[in-house]
Amino acid sequence: MSDLEWIYGIHAVENALSQQPERIKEVRFQEGRDDKKTQRLMQLCKANKVRYSQVARRDLDQLFSKNKERVVHQGVVAYTTMTKAGNEGDLHSLVEGLDENPLIIILDGVTDPHNLGACLRSADAAGAHAVVMPKDNSAPLNATVSKVACGAAESIPVYAVTNLARTMKKLQDQGVWIFGTAGEATQTVYEQDFTIPTAIVMGAEGDGMRRLTREQCDYLVKLPMAGVVSSLNVSVATGICLFEVVRQRAQKA
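Quick caveat, the model's predicted, so the values are computed rather than measured.

*Asks:* What is the right way to read the packing of aromatic side chains from this model?
*Replies:* Between two aromatic rings, the relevant description is the distance of the centres plus the angle of the planes. Per the stated rule, a full pass over the model turns up six aromatic pairs. Ring geometry for Phe-29 versus Tyr-52: centroids 5.8 Å apart, planes at 85 degrees, classification edge-to-face. Taken together, the positions of Phe-29 in strand E2 (residues 24-30) and Tyr-52 in strand E3 (residues 52-55) put the pair 23 residues apart, joining distant regions of the chain. A residue is classified by how much of its surface remains accessible, and Tyr-52, at 29% relative accessible area, is partly exposed. With a centroid separation of 5.9 Å and 15 degrees between ring planes, the pair formed by Phe-179 and Tyr-219 is classed as stacked. Of this pair, Phe-179 sits in strand E8 (residues 177-181) while Tyr-219 is found in strand E11 (residues 219-222), placing the two residues 40 residues apart along the sequence. An aromatic cluster of three or more residues is present, and its members are Trp-177, Phe-179, Phe-194 and Tyr-219.

This is the structure we're talking about:
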């Protein structure tokens, strides 16, 4: 299976050109578009010596004709080597080398690429050090994730691990405290101290954390829910948890 894939959208292509232009084989623009954003992307292509061309819109549409969902490419696509997730060893080496308290997000079975992309975007914005997910039963790092993440898929380290519970145990051995999010928890995220080395586990859409994952957590925390809904979208909940960590650590600094 090829690691090359067409990514799409102004932000996704711009971030790829800005951060890792050596991975891009080709960029295609929609004919007739001459706005400032398109001109800026063309200048980035020239500056980084990336081959580009202008083609009819139908040619861009055809690149994604087999997709199950409608793709809004915004008139620009890039053929690029996709970001690869690291493994358990890479994750533990990263944690070992940090000179500040870790902030890690663990996604237990997030299979929707839109949710994964949104989680990566929030993790990047909050300054998280890593996002961890199981190799199986997780959304792949693909063009949809890249588009939704707006560049975060290329910037934040992502690790796909074989055994999530074992990886969590190793993180605990490295001094990281693991907090699982669960509606039945008695303590809210606002009552928990996140200034310590922290990993927050977010469960799958609908089902929450798996049993083994839950059992490996040090503590369970919840978001206080005042309305009729019982839970939030996983990417929304991830953002709230992350920025509570940011708030607490900024207050303590």
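Moving on from the coordinates now.
*Asks:* Which parts of the structure should I look at to understand the packing of helix H5 (residues 113-125) against helix H10 (residues 234-252)?
*Replies:* Helix-helix packing is described using two parameters, namely the angle between the two axes and the distance between the axes. Across the interface, H5 lies against H10 with an axial gap of 8 Å and an inter-helix angle of 10 degrees. Overall, the two elements H5 and H10 adopt an arrangement that is roughly parallel. Seen from H5, the contacting residues are Asn-115, Ala-118, Cys-119, Ser-122, Ala-123 and Ala-125; seen from H10, they are Val-234, Ser-235, Thr-238, Gly-239, Leu-242 and Phe-243. Its residues placed into classes, the contact of H5 with H10 shows seven nonpolar, five polar and no charged.

*Asks:* Can you help me understand unusual backbone geometry in this one?
*Replies:* Glycine aside, residues mostly have negative phi angles, and peptide bonds mostly take the trans form. The phi torsion at Lys-49 lies on the positive side, around 55 degrees, for a residue other than glycine. Residue placement: Lys-49 occurs in the loop between helix H2 (36-47) and E3. The exposure class of Lys-49 is exposed, given its relative accessible area of 76%.

What counts, and where the lines are drawn
- Residues numbered from 1 in each chain as written.
- Predicted model: local features only at pLDDT ≥ 70, side-chain atom pairs only at ≥ 80, totals over all residues.
- Heavy atoms only, no water.
- Phe/Tyr/Trp six-rings, centres within 6.5 Å; stacked < 30°, edge-to-face > 60°.
- Helix = DSSP H or I, 4+ residues; strand = E, 2+ residues; numbered from the N terminus.
- Buried < 20%, exposed > 50% of the residue type's maximum accessible area, 1.4 Å probe, protein only.
- Axes fitted to C-alpha atoms, helices over the stretch in contact; angles between N-to-C directions.
- Parallel < 35°, antiparallel > 145°, perpendicular 65-115°, else oblique.
- Contact = heavy atoms within 4.5 Å.
- Nonpolar A, V, L, I, M, F, W, Y, C, P; charged D, E, K, R; others polar.

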